[in-house]
Amino acid sequence: MDLLRKKHFDPNQKTDNNLKKTLGPFDLTVLGIGAIIGTGVFVVTGTAAADNAGPALVISFVVAALVCILAALCYSELASTVTISGSAYAYSYAAFGEVFGWLMGWALVLEYGLAAASVASGWSAYVQGLLAGFNIHLPAALSGAFNAASGQIVDLPAVIIILLICLLLTRGAKETARFNAFMVFVKIAVILIFVVVGAFYVKPDNWTPFIPFGYSGILSGAALVFFAYIGFDAVATAAEEVKNPQRDLPIGIIASLLVCTILYVIVVVVLTGMVPYTELSVADPVAFALRFVEQDFAAGLISLGAIAGITTVLLVLLYSQTRLLFAISRDGLLPKFLSKVDEKSQTPVRSTWMVGLVIALLCGFLPLDKLASLTNMGALFAFAIVSLGVIGLRKARPDLKRGFTVPWVPFLPLLSAGCCFLLMFQLDIWTWMGFILWMIVGLLIYLFYGYSHSELGKEDPK
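Everything numeric in this text was worked out from a predicted model, so none of it was measured.

J.: Go over the overall build of the protein with me, naming the residues and quoting the values.
T.: Looking only at helices and strands, the protein features 16 helices and 0 strands. Taking 2.2 N^0.38 as the reference for a compact globule, 462 residues should give roughly 23 Å; the C-alpha atoms of the protein span a radius of gyration of 22 Å, in line with that estimate. Principal-axis analysis of the C-alpha atoms places the extent of the protein at approximately 70 × 50 × 40 Å. Of all 462 residues assigned to the protein, the portion counted as buried reaches 58%.

So, in structure tokens, the structure goes:
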């Protein structure tokens, strides 16, 4: 039983299930920005400033960005080398062997699935808040996941947005990229409005004391806002639909991360300058800051921008999930119907609708707040293994053409993996137990189904 058999990927191989190559570097950069800027800037900044770092949150964002840049460099090398769908799953399959590739894919299923469900719930809350401003209120039964005490049965807005995005995804990658680009333009415009308007209300006294919680507060703030950067890895899942992946994927990954870091830093500087950090523990800190200085119209625009921002995050998460399942299914580790490509749109329609229905049920009926930290665990695990994968793939496949190479190997990848593991150990014991249980279930699925149905196993039955 060879659990460590490695797949020798040929990026030029043509099969019946290849996806249409339509994306360029601009599409990828915008895809990354769409995935990153969302709940991080519109939600996390307030509580992180109030409870963790104070005005020094700007340093926390820089520290988190540095950790992400290390991982992004590793993603860039692997994305420009293994230029097919699957992202970290495909890299681990090539570098470490089939069982590790499967477990990585299984961890990503957890990350993307729970993240999409949680983001959809957040989208619903923002939309209902906006409607409430016009005195429009949904019936309690349709306003949230099941809660007998409050009379809630289903979160209808969350279900609707999931299904609408799935419909868009089935139209094709280029159409999805165009919609994403428009929504990204809207939310960046809204962020710039906040910066321009808010700059006139900045009071330097609000930045004093600058480090109220000490240097440990900066690090704990970095651990919290690190998750505001999750999303750049989703760019790699588009590899098979990119015209020139060896050149364009590193551009998309690194450019999107740099743009988002600059925007985050500027927003945090203005935000903590407008409002004393002690008053920022709110669900909508950016809009709150504008209401605080009595700019209610601009605050309304920010709410619209938040909805646009969260929509693009949801779009890219669902896109990434469907491409991941497509890649795993095509390799035989999941049922083949998930990798069936529609002849007209050249997209995996079946896996798209299956993902949509499952996530719609999750966010529609189940409270997800206690499961959200599992998303963070899955992401950090993926980042760590991808970093180690740079070392592994250089040894396993030195023959592969690399469009981008990480400098200072193995030092830099080991540093990246170490930083990710360090943040993983900041998560509580219940998150670890949930993650381990999820991985055990995944291992059993592989042993009882994936191993015997693997396409690689059919090629080499030994």
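The discussion continues.
J.: Got a sec to walk through the pattern of salt bridges? Specific residues and values, please.
T.: Think of it this way: side chains of opposite charge can pair up when their charged atoms draw near. One pass over the full model with this rule turns up 6 salt bridges. One salt bridge in this structure joins K336 and E455, with 3.3 Å as the shortest N-O distance. Note that K336 is positioned in the loop between α11 (296–330) and α12 (349–365) and E455 in helix α16 (residues 455–459), a separation of 119 residues in sequence. Its relative accessible area of 23% is what places E455 among the partly exposed residues. Measuring nitrogen to oxygen at the nearest pair gives 2.9 Å for the salt bridge that ties D399 to R397. Exposure remark for R397: the relative accessible area of 8% places this residue in the buried category. One connected set of salt bridges, linked through shared partners, spans E77, R394 and R402.

J.: Explain the packing of aromatic side chains to me, using residue names and the numbers behind them.
T.: Tallying each qualifying case throughout the model produces 14 aromatic pairs. Taking the centre distance of 5.1 Å and the plane angle of 45° together, the rings of F61 and Y264 count as tilted. Placement of the pair is F61 in helix α3 (residues 57–79) and Y264 in helix α9 (residues 245–274), with a sequence separation of 203 residues. We classify F61 as buried; its relative accessible area is 0%. Pairing W106 with W438 gives two aromatic rings, centres 4.4 Å apart and planes at 10°, and the pair type is stacked. Taken together, the positions of W106 in helix α5 (residues 98–133) and W438 in helix α15 (residues 429–453) put the pair 332 residues apart, joining distant regions of the chain. Among the aromatic residues, those joined into a cluster by ring pairs are F61, Y229 and Y264.

J.: How would you sum up the side chain of T311? Please name residues and give values.
T.: With respect to the helices and strands, the residue T311 is situated in helix α11. Judged by its relative accessible area of 5%, T311 falls in the buried class. Beyond its immediate chain neighbours, meaning those up to four positions away, T311 contacts W123, I165, F179 and M183.

J.: Got a sec to walk through the nonpolar core? Specific residues and values, please.
T.: With 151 residues, the main nonpolar core has Y75, Y91, I162, F194, F232, L314 and L318 as its most contacted residues. Among the elements that take part in this core, α5 stands out by supplying 19 residues, more than any other. Excluding its chain neighbours within four sequence positions, the residues that come into contact with I162 are A116, A120, L314, L318, G356, I359, A360 and C363.

J.: Tell me what's going on with unusual backbone geometry, and back it up with residues and numbers.
T.: Omega for the peptide link from T208 to P209 comes to -5°, which places this bond in the cis form. Relative to the helices and strands, P209 is located in the loop between α7 (173–199) and α8 (214–225). Residue V409 is joined to P410 through a cis peptide bond whose omega torsion reads 10°. Tracing the backbone through its elements, the reader meets P410 in the loop between α13 (372–396) and α14 (411–424).

J.: Lay out a nonpolar patch on the surface in plain terms, naming residues and giving numbers.
T.: Nonpolar side chains collect at one region of the surface, where I436, I440, L443, L444, L447 and F448 lie side by side and expose about 560 Å² of accessible area between them. With respect to the helices and strands, L447 occurs in helix α15. Judged by relative accessible area, L447 falls into the partly exposed class, the value being 35%.

J.: How would you explain the packing of α5 against α11 if you had to name every residue and give the values?
T.: The contact between α5 and α11 brings their axes to 9 Å, and the two run at 155°. In terms of orientation, α5 and α11 fall into the roughly antiparallel class. Like other packed secondary-structure pairs, α5 and α11 cross with a definite hand, here left-handed. Considering only residue class, the contact of α5 with α11 consists of 23 nonpolar, 7 polar and no charged.

J.: So, the packing of α9 against helix α10 (residues 285–292): which residues are in play, and what are the values?
T.: In the contact formed by α9 and α10, the axes pass within 10 Å of each other and the chain directions differ by 40°. In terms of orientation, α9 and α10 fall into the oblique class. With respect to the hand of their crossing, α9 and α10 are arranged in left-handed fashion. Counting all contacts with α9, which are made through V267, L271 and M274, the residues of α10 involved are P285, V286, A289, L290 and F292. When the residues that make up the contact of α9 with α10 are grouped by side-chain class, the tally is 8 nonpolar, no polar and no charged.

J.: Quick rundown of the state of the cysteines? Include the residues and the values.
T.: For the structure shown, the criterion picks out 0 disulfides. This cysteine, C68, is not joined by any disulfide, and C420 carries the nearest cysteine sulfur, 7.7 Å off. With no disulfide of its own, C419 lies 6.9 Å from the sulfur of C420, the closest cysteine sulfur.

J.: Please set out α8 residue by residue, giving values where relevant.
T.: With 12 residues, α8 should cover 16 Å at 1.5 Å per step; its first-to-last C-alpha distance of 17 Å lies within 8% of that length. Inspection of α8 places G217, I218, G221, A222, A223 and V225 among the buried residues, and these make up the whole buried set.

Conventions and cut-offs
- Residues numbered from 1 in each chain as written.
- Predicted model: local features only at pLDDT ≥ 70, side-chain atom pairs only at ≥ 80, totals over all residues.
- Heavy atoms only, no water.
- Helix = DSSP H or I, 4+ residues; strand = E, 2+ residues; numbered from the N terminus.
- Rg over C-alpha atoms; globule rule 2.2 N^0.38 Å.
- Buried < 20%, exposed > 50% of the residue type's maximum accessible area, 1.4 Å probe, protein only.
- Salt bridge = Lys/Arg side-chain N within 4 Å of Asp/Glu carboxyl O.
- Phe/Tyr/Trp six-rings, centres within 6.5 Å; stacked < 30°, edge-to-face > 60°.
- Contact = heavy atoms within 4.5 Å.
- Core = buried A, V, L, I, M, F, W, Y, C linked by side-chain atoms within 4.5 Å.
- Patch = residues over 30% accessible without salt bridge, like charges linked within 9 Å, V, L, I, M, F, W, Y side chains within 5 Å.
- Areas by Shrake-Rupley, 256 points an atom, 1.4 Å probe, with all protein chains shown as cover.
- Axes fitted to C-alpha atoms, helices over the stretch in contact; angles between N-to-C directions.
- Parallel < 35°, antiparallel > 145°, perpendicular 65-115°, else oblique.
- Left-handed = near helix turned anticlockwise from the far one by under 90°.
- Nonpolar A, V, L, I, M, F, W, Y, C, P; charged D, E, K, R; others polar.
- Disulfide = S-S within 2.5 Å.
- Expected span 1.5 Å × (residues − 1).

So, to be careful, I would describe these as geometric facts and stop short of saying anything about function.
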